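# Survey of secondary and tertiary structure
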Amino acid sequence: VQGRRHAAANPLRAQRVARRAAAPASRTATVTKAVKVADHTDARQYIDTRHHAHIHNHREYEEMYQRSIEDPDGFWREIAMKEFHWETPVPEKHHNYNFDVRKGPIFTEWFKGGKTNIAYNCLDRHVKDGYGDQDCFLFEGNDVGRDGRMTYAEVLKEVCRVANWLRSVGVKKGDSVAIYMPMVCELPIAMLACARIGAVHSVVFGGFSSDALASRIEDCKARVVITCNAVKRGTKAIDLKKIADAGCNIAKDQGFNVEHVLVYANDDAQSKADTKMTAGRDLFWQDVIPQQKDEAEVEWMDSEDTLFYLYTSGSTGKPKGVLHTTGGFMVYSATTFKYVFAFQPGDVYWCTADCGWITGHSYLTYGPLLNRATQVVFEGVPTYPNPDRCWEVIDKYQVKQFYTAPTAIRSLMRSGDDWVKKHSRTSLRVLGSVGEPINPEAWKWYHEVVGDGRCPIVDTWWQTETAGHMITPLPAAWPEKPGSASLPFFGVKPVLVDDKNNVLEGEAEGMLCIGQSWPSNIRTVYGDHERYETTYFAPFPGYYFSGDGARRDKDGYYWITGRVDDVINVSGHRIGTAEVESALVAHPQCAEAAVVGYEHPVKGQGIWAYVTLLEGVEYDDKLKKELVMSVREQIGAFAAPDVIHWAPGLPKTRSGKIMRRVLRKIASFEEDQLGDTSTLADPGVVQTLLEMRGNMD
Ligand code: 6R9
């Protein structure tokens, strides 16, 4: 196991030991307000955070980590039984899996034989324990001054009402419900209501287009859709209901009928009167939910019963419905939340993610509630009305843990330090980052300016498929290095592999795989188990393949180098190049398209699209706009290409394969590093592309 060598090889640790031995009596005196970040931090500078952390040093971590790898069954069963309610206890033998395609079908089971309900664990348990009056959600609307709060008891009642309504329209255990909503409290409430009755939720991010919504509704066969009439984000109003209607219509044209649409009237953005409803299908939340009983029977779920589907982009084909099950997801999301955020029950926590992505599932709806958090639910955007909205909200609610994406950090950083310094931020204890690699410059700003050097940064690497943090610092437990996610969480065994399938030891760079099952690993791709096996398990037999590359340094720290497949990460959103290409090619005048990522100062990566038009069609700006529109319509605005690069020809091998490597170099202005282009069918196209690039504005 890697972990043990980290400790031995860790020079910082050796230094600390030496320092401590030299001046044992003045230990606290040597703890200065060190805000200088060199290439690593000193875990001792985080006095307050350390006090609340569950793991205080590398040795404590190492002991638990070893056990989690050597005896995963025992390690996780102990946590499961101690921290959660199980209607039927987890038997001693509860875990079984196969990650090796050579040995037979891939499968995973955790806590098998145990019965529980995640919504019960999120809500009823705390209310029964006497915390019904604790605030659960602190709602902060898009506009300053629009806010509200709901206690645990109130959320539980609302969840029961929605659960009863779902049952009243015939939703049963195992049925799918699509949720297409903005970030209002009713979104996590709808998810919890599904979980309570054993329905499977499929949340579709509110930024997806009607086409994208339709394909997700159809794929999981959701006969019920929960949506909102409209939402304001910054100065923009978005007519969500109109998009939801269009989505239902597209599904209908393809033979799938949505029977019920529950519409939460977000009166701040649009009145009920202005909302177009379809008689017999659509009902307002406010008209039907308040009449429901505020108690609803819990559906006790087998640990391996499905909790949700969440669609995510891969390098090929249409988005995959990543399937997660009840027990493993519950135990892993809650445990990572507790350790990674140094969380203590009752703390005020804020994650800026949307429930339409995995971060909103694991670290907004479930992980925090399982730990009895009081959390901010924010409807707006970090820069509205001013770039100090986040810091203002942090002071307003005395937020202790703040979790956001590097793209937001970079954009706020650009607005200057004064916006941050206007606010005190003294409540902060831990700062989290997720979604994409964080560049050291943004890391330092987050650490020094936002956190005043007092708060550890937890740079959490994980994925929709892993459902919880995989490689991440634990606050104040070991030095952080800006840009590195550092060490694996309990139960996670990272393996670096080269393209010839050799496992790499020590300092190395390779493809990042995971060597054994952890409680919340993806169970299957909904409806396509074969795709699941070929995507994640066939590339490196015996291992789960993440799709990311990583480097391990001399201290055993992991540095994620980004996707090694054709997935682009734009503002922390995963976008498959194939999806964007197919949206471009759907334009009647587009003959061919090839999409690559390029470095973008705020978004991390931008989308660069090479487009070949049909013979005889003029390349003009109007067409550029139409092409961008085609992507917005088929996927959503967040996937719109930043650059359309006219390409009379694309660089291809003689067998017709597009050489993306060459396209990436051209998009990053590194044509001096094109490498070997001798296999190109027509080497002349490169020159043409460079000329076309020169003509672009
Ligand atoms: C949680 C989430 C997963 C992909 C993943 C990787 C990138 C996420 C990261 C990170 C570097 C981090 N990613 N966190 N890269 N450092 N801390 O974002 O899930 O939307 O499925 O994206 O995001 O490339 O493979 P998801």
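Residues numbered from 1 in each chain as written. Predicted model: local features only at pLDDT ≥ 70, side-chain atom pairs only at ≥ 80, totals over all residues. Heavy atoms only, no water.

Further remarks concern empty space enclosed by the protein. Inspection of every chain in the model, using the stated rule, returns five cavities of 30 Å³ or more. Considering only enclosed or pocket space, the largest cavity measures out at about 70 Å³ in volume. Secondary-structure elements contributing two or more residues to the lining of the largest cavity are β14 (306-312) and β28 (573-576). Among the residues forming the lining of the largest cavity, the class breakdown is six nonpolar, two polar and three charged. (1 Å grid on protein atoms, 1.4 Å probe; cavity = no way out; pocket = protein on both sides within 12 Å on 5 of 7 lines; lining within 4 Å. Points joined across faces, edges and corners; volume = space filled by probe spheres on them. Helix = DSSP H or I, 4+ residues; strand = E, 2+ residues; numbered from the N terminus. Nonpolar A, V, L, I, M, F, W, Y, C, P; charged D, E, K, R; others polar.)

A few words on the layout of surface pockets. What the second largest pocket holds in volume is close to 430 Å³. Residue lining of the second largest pocket: 23 residues in total, with I79, K82, E83, K338 and N371 positioned closest to the centre. Elements with a minimum of two residues in the lining of the second largest pocket: α4 (58-70), α5 (72-83), α6 (118-131) and α12 (326-340). Residues that form the lining of the second largest pocket fall into these classes: ten nonpolar, five polar and eight charged.

This part is about the pairing of β14. Of all seven residues in β14, six are buried; the element is thus mostly enclosed. In the sheet, strand β7 (residues 200-203) pairs with β14 via two bridges, with the strands oriented parallel. Bridge assignment links H201 to a residue of β14, and that residue is F308. Bridge analysis of β14 against strand β15 (residues 320-325) gives six bridges, and the strand direction is antiparallel. Opposite T306, over in β15, you have T325 as the bridge partner. (Buried < 20%, exposed > 50% of the residue type's maximum accessible area, 1.4 Å probe, protein only. Pairing = 2+ DSSP bridges.)

Following both chains from N to C, one finds α6 and helix α13 (residues 358-370) inclined at 50°, their axes separated by 9 Å at the closest point. The orientation of α6 relative to α13 falls into the category oblique. Crossing of α6 against α13: the hand is left-handed. Listed contacts from α13 to I118, N121, C122, L123, R125 and H126 of α6 are T365, Y366, L369 and L370. The residue inventory of the contact of α6 with α13, partitioned by class, reads six nonpolar, three polar and one charged. (Axes fitted to C-alpha atoms, helices over the stretch in contact; angles between N-to-C directions. Parallel < 35°, antiparallel > 145°, perpendicular 65-115°, else oblique. Left-handed = near helix turned anticlockwise from the far one by under 90°. Contact = heavy atoms within 4.5 Å.)

Among the structural elements, V643 can be located in strand β31 (residues 643-646). With 596 residues separating them in the primary sequence, V643 and I47 have C-alpha atoms 47 Å apart. Once you skip the residues sitting within four places of it in the chain, V643 turns out to touch Y598, I607, W608, A609 and M696.

A word on the site of the ligand. The environment of the ligand is formed by 17 residues, the closest being D459, T460, T464, D548 and R574. For the ligand, an oxygen atom lies 2.9 Å from a polar atom in the side chain of Q463. Here the ligand loses 96% of its free accessible area of 530 Å² to cover by the protein chains. For the shell around the ligand, the elements supplying multiple residues, two or more each, are α13, β20 (457-460) and β26 (558-563). Taken together, the residues of the shell around the ligand sort by class into six nonpolar, six polar and five charged. (Near = heavy atom within 4 Å. Polar contact = N/O pair within 3.5 Å; in protein donor to acceptor, adjacent residues only side chain to side chain. Areas by Shrake-Rupley, 256 points an atom, 1.4 Å probe, with all protein chains shown as cover.)

The next subject is the environment of H201. Tracing the chain through its elements places H201 in strand β7. In sequence terms H201 and A178 are 23 residues apart; their C-alpha atoms lie 6.0 Å from each other. Setting aside chain neighbours within four positions, we find H201 in contact with V177, I179, M191, C194, L307, F308, Y309, H361 and Y366. Here the side chain of H201 touches Y366 through a polar contact of 2.8 Å, side chain to side chain.

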